[in-house]
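Observations on the three-dimensional arrangement
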Amino acid sequence: MFKATIDAELFKDAVDIVSVLVDESIFSTDEEVIISKAVEPANAAMVILEMKKNAFDIYESDSHELGIDLKRLSTVLDMAQRGDMVELELEDHKLKIVMGGLRYHLSLLDPSTIRKIPKVPQIQLPAKVVVDGSTIQRAIKAASTVGSYVALGVEDESFYIETEGDTDKLRFVLGKDELIDLQGDDVRSLFSLDYLRSITRSRAFGRGIVTLEIGIDYPIKISFSFADDKIRALYIVAPRVEAV
Amino acid sequence: MFKATIDAELFKDAVDIVSVLVDESIFSTDEEVIISKAVEPANAAMVILEMKKNAFDIYESDSHELGIDLKRLSTVLDMAQRGDMVELELEDHKLKIVMGGLRYHLSLLDPSTIRKIPKVPQIQLPAKVVVDGSTIQRAIKAASTVGSYVALGVEDESFYIETEGDTDKLRFVLGKDELIDLQGDDVRSLFSLDYLRSITRSRAFGRGIVTLEIGIDYPIKISFSFADDKIRALYIVAPRVEAV
Amino acid sequence: MFKATIDAELFKDAVDIVSVLVDESIFSTDEEVIISKAVEPANAAMVILEMKKNAFDIYESDSHELGIDLKRLSTVLDMAQRGDMVELELEDHKLKIVMGGLRYHLSLLDPSTIRKIPKVPQIQLPAKVVVDGSTIQRAIKAASTVGSYVALGVEDESFYIETEGDTDKLRFVLGKDELIDLQGDDVRSLFSLDYLRSITRSRAFGRGIVTLEIGIDYPIKISFSFADDKIRALYIVAPRVEAV
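Procedures and definitions
- Residues numbered from 1 in each chain as written.
- Chains lettered and ligands numbered in written order.
- Predicted model: local features only at pLDDT ≥ 70, side-chain atom pairs only at ≥ 80, totals over all residues.
- Heavy atoms only, no water.
- Helix = DSSP H or I, 4+ residues; strand = E, 2+ residues; numbered from the N terminus.
- Rg over C-alpha atoms; globule rule 2.2 N^0.38 Å.
- Buried < 20%, exposed > 50% of the residue type's maximum accessible area, 1.4 Å probe, protein only.
- Lys, Arg positive; Asp, Glu negative; His and termini not counted.
- Charge placed at Lys NZ, Arg CZ, Asp CG, Glu CD.
- Phe/Tyr/Trp six-rings, centres within 6.5 Å; stacked < 30°, edge-to-face > 60°.
- Lys NZ or Arg CZ within 6 Å of the ring centre and 35° of its normal.
- Contact = heavy atoms within 4.5 Å.
- Buried area = accessible area lost by both parts, 1.4 Å probe.
- Salt bridge = Lys/Arg side-chain N within 4 Å of Asp/Glu carboxyl O.
- Pairing = 2+ DSSP bridges.
- Least-squares fit on C-alpha atoms with pLDDT ≥ 70 in both.
- Expected span 1.5 Å × (residues − 1).
- Polar contact = N/O pair within 3.5 Å; in protein donor to acceptor, adjacent residues only side chain to side chain.
- Nonpolar A, V, L, I, M, F, W, Y, C, P; charged D, E, K, R; others polar.
- Domains from an automatic or database assignment.

What about the overall build of chain A?
Regarding its fold elements, chain A presents five helices and 18 strands. In summary, chain A has a C-alpha radius of gyration of 19 Å against a globular reference of 18 Å for 244 residues, a match within 12%. Dimensions of chain A, computed from the C-alpha atoms along their principal axes, are close to 55 × 35 × 30 Å. With 244 residues in all, chain A has 54% of them scored as buried. Taking the 29 positively charged and 42 negatively charged side chains of chain A as two groups, their mean positions are separated by 3 Å.

Shown next, in the form of structure tokens:
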């Protein structure tokens, strides 16, 4: 049994956190929480979405593994009008979605056909940067007009995003004053812009306060929460080895 | 002789009623009214536009059959700025269109080359639904993300729009309270979404109060009017036989 | 040495004056002014951009020939936010561009690889029309939906823009009252719409007061200025010989 009611726009924002990276995902529900973990096909970027029971107006659930076609779910949620509530219910192995006069029966995917949920690596990272998501969004968008890879780093009490194209070079620097928080050591890691572009493009990312945890040629952790911390997003992206 | 002056935006809205379904059409004028009847190539959907003399600021006309390339006419009308009046005049077998300092001579098509105007079937339908056009617009748009056909029907004092895709199912229900009027028997007919998508996408449709007349596996009549009833639109769409 | 600071949006508007016509251009700087002259590949349209020293907040320069990839420069300037200042500096044979926390190193092109700067023809033209750029923008856009060539002319104390397609004809007339100024003789010259479409589409053109100097089957001069006359644009377009 699974039955839940939530603001449609909020649910859309949560689903998008996963859909920017993968097309299908398993939503694991239990009495307290819905968690969706997914890894993109090249195994270089991973997402963990967590929606606590109290993010919902109504929430009752046993343990289920719901295989979701994220594009179809997004299309349904796009039909919502501002202020609409969405009722979700597991019914005859389909997810029934009700918004206003609209009733949608979404077929569920067989969880065994979806890429295995990866083990989330436990990593400690030496530097932490806290900053407006919109600033990162803008910098990554700018960087992707120049090159294919981007270095994120900390140096001289500043956070930087740097990229090099065939001929041009772009560096975006934020001093301690322009950041919400900056802690730890000098670090630098290189990432594919494709993944960062995807991750940063969701509406919830642009609205939130984002924490970046960075190491030296090591994976990056990118996290933020919304709806009073009741919905949490964590991305882990593998580094590229920098050409010498 | 044909000479008429009308608000450019209003005329654009009227022309669009026909142009959503066909590319060329005959505008038949006489002393009292302009009527354009057209049927789309597969003979499954028909439109009748009626513009009364008093929808115009100036209107003088003998009987004419004007063969109009609707795309070209729309392109000209798109040049209008809010509040512009458009003057239309038959001159040297062309339609002269004047808006502000702009003068356009639109070639007329030979009426004999345009699909024959069909005889409009006289049909009585057992159920009638009156509803905001914008609601139908939204439901049809939603339905077309799911399937290719849509059933419109009345059941339990409610109007519904229903569609089934390969795996998913969508049902949009409006109770008596959410409708402006609902009369008659329980009915259900199936239609191609292509035609309903075209018909419902015009600006005038979205702004108007729409009357749907529905039968059991029978054509649907969709009508609305604007400019104080001086401009009227009627669509008739043939049903699809439902697979059992 | 070249070092300059200017409002980013203003600089973008200036660069666009050249970039609507060509992809690369030489910016010639000296102590007093930056001038960029360019001719499009078919030699039928030419642009001269002049930015005076006092259009800049800071301006110090020796004589330089800076080969600019205009698309790349525009992409960088697009990253500006309203109110941003942009600092430009010649550094290690690159143009360093700083806006807020963003630092961009733009490779310069070898000036010898860029199309030779043409000699600007000294021509006197018998008629002059002064008019809002937005009016010309709108008329040229309308004309380009009809034909490939457009005649600009003066007749009966009015300025007109006229075009003929395969079947249709458009004429846009502005009387003396609707113009800022009209002087000189009756004239008429025919031009390719491609060039006029390009020239008229920049934001600065649409905002400015534009002077058109026209002859009989002769080149047209199109000029305007902005930023209190500190930035000036001049286009010269060769005529098409009219088919008889």
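Considerations on the packing of aromatic side chains
Evaluation of the coordinates by the stated rule reveals 12 aromatic pairs over all chains. Arranged with centres 5.4 Å apart and planes meeting at 80 degrees, the rings of Phe205 of chain B and Phe224 of chain B form a pair that is edge-to-face. Here Phe205 of chain B, found in helix α5 (residues 203-207), pairs with Phe224 of chain B, found in strand β17 (residues 220-226); they are 19 residues apart in sequence, far enough to count as distant. Across the pair, exposure class does not vary: Phe205 of chain B and Phe224 of chain B are buried alike. Every member of this aromatic cluster is reached through a ring pair, and the members are Phe2, Phe56 and Tyr59 of chain A. Over the aromatic face of Tyr160 of chain B sits the side chain of Arg171 of chain B, whose NZ or CZ is 4.2 Å from the ring centroid.

Focus: the interface of chain A and chain B
A common measure of how large an interface is: the accessible area buried when the components associate. Contact with chain A, which involves 13 residues of that partner, is made by 11 residues of chain B. Carbon and sulfur atoms make up 47% of the surface buried where chain A meets chain B, a total of about 1200 Å² over both sides. Sorting the residues of chain A by area buried against chain B places Met79, Gly101 and Arg103 of chain A first, and these three jointly supply 38% of that buried surface. Our count for the chain A to chain B interface comes out at one salt bridge. Between Asp168 of chain B and Arg72 of chain A there is a salt bridge, with its nearest N and O atoms 2.9 Å apart. Looking at the side of chain A that touches chain B, the elements that each hand over two or more residues are α2 (70-77) and β9 (102-107) of chain A. With six residues, the top contributor of residues to the side of chain A that touches chain B is β9 of chain A. Summarising the sheet, β9 of chain A and strand β13 (residues 169-175) of chain B pair through four bridges and their orientation is antiparallel. Note on β13 of chain B: the bridge partner recorded for Leu102 of chain A is Phe172 of chain B.

A short note on the pairing of strand β11 (residues 149-155) of chain B
All names here are of chain B. Burial analysis of β11 places five of its seven residues in the buried class, the great majority of the element. Bridge analysis of β11 against strand β15 (residues 187-192) gives six bridges, and the strand direction is antiparallel. Residue pairing across strands places Val150 opposite Phe191, the latter belonging to β15. Inspection of the sheet shows β11 paired to strand β12 (residues 158-164) by five bridges, in the antiparallel sense. Of the residues in β12, the one forming a bridge with Glu155 is Ser158. What sits between β11 and β12 in their antiparallel hairpin is a turn of two residues, with Asp156 showing a positive phi close to 50 degrees.

A few points about the side chain of Thr211 of chain B
Residues and elements named next belong to chain B. Note on placement: Thr211 falls in strand β16 (residues 209-214). Overall, Thr211 belongs to the buried group, its relative accessible area being 18%. Those residues in contact with Thr211 that sit more than four places away from it in its chain are Lys128, Val129, Val130, Lys221, Ile222 and Ser223.

So, the relation of the copies chain A and chain C
Overlaying chain A with chain C gives an RMSD of 0.0 Å, the required rotation being 120 degrees about an axis along which the chain moves by 0.0 Å. Look at the turn and shift together and you get a three-fold axis relating the two.

Let's talk about the pairing of strand β2 (residues 24-29) of chain B
Residue and element names in this part refer to chain B. In this sheet, strand β6 (residues 64-69) lies alongside β2 in antiparallel orientation, the contact comprising six bridges. Paired with Ser25 across the bridge in β6 is Ile68. As defined by bridge partners, β2 adjoins strand β3 (residues 33-39) across two bridges and the pair is classed as antiparallel. By the bridge assignment, Ser28 is partnered in β3 with Ile35.

Re helix α1 (residues 8-19) of chain C
All names here are of chain C. Taking 1.5 Å per residue, 12 residues should reach 16 Å; α1 reaches 16 Å between its end C-alpha atoms and fits that length. Summarising burial for α1: 10 of the 12 residues are buried, a large majority. Along α1, the residues classified as buried are Ala8, Leu10, Phe11, Lys12, Asp13, Ala14, Val15, Asp16, Ile17 and Val18. The opening residue of α1 is Asp7, an N-cap whose side-chain oxygen sits 3.1 Å from the backbone nitrogen of Glu9.

Thoughts on the interface of chain A and chain C
On the side of chain C, 13 residues touch chain A, which itself brings 11 residues to the contact. Summed over both sides, the interface of chain A with chain C buries roughly 1200 Å², with 47% coming from carbon and sulfur. Counting across the interface, chain A meets chain C through one salt bridge. Summed over the shared surface of chain A and chain C, the result is 10 residue pairs in polar contact (both at pLDDT 80 or more). Counting residues per element, the side of chain A that touches chain C draws most heavily on strand β13 (residues 169-175) of chain A, which supplies five residues. In terms of residue class, the side of chain A that touches chain C is built from five nonpolar, two polar and four charged.

Points about the domain arrangement of chain A
All names here are of chain A. For chain A, the assigned domains read domain 1 (2-113) and domain 2 (127-237). For domain 1 and domain 2, the distance between their C-alpha centres works out to 27 Å. On the side of domain 2, 20 residues touch domain 1, which itself brings 21 residues to the contact. Both faces combined, the contact of domain 1 with domain 2 buries some 1800 Å², and carbon together with sulfur accounts for 59% of it. The tally of links from domain 1 across to domain 2 stands at three salt bridges. The shortest N-O distance in the salt bridge between Asp13 and Arg207 comes to 3.9 Å. At the boundary of domain 1 and domain 2, one finds seven residue pairs in polar contact (both at pLDDT 80 or more). Taken together, the elements giving at least two residues each to the side of domain 1 that touches domain 2 come down to α1 (8-19) and β4 (45-52).

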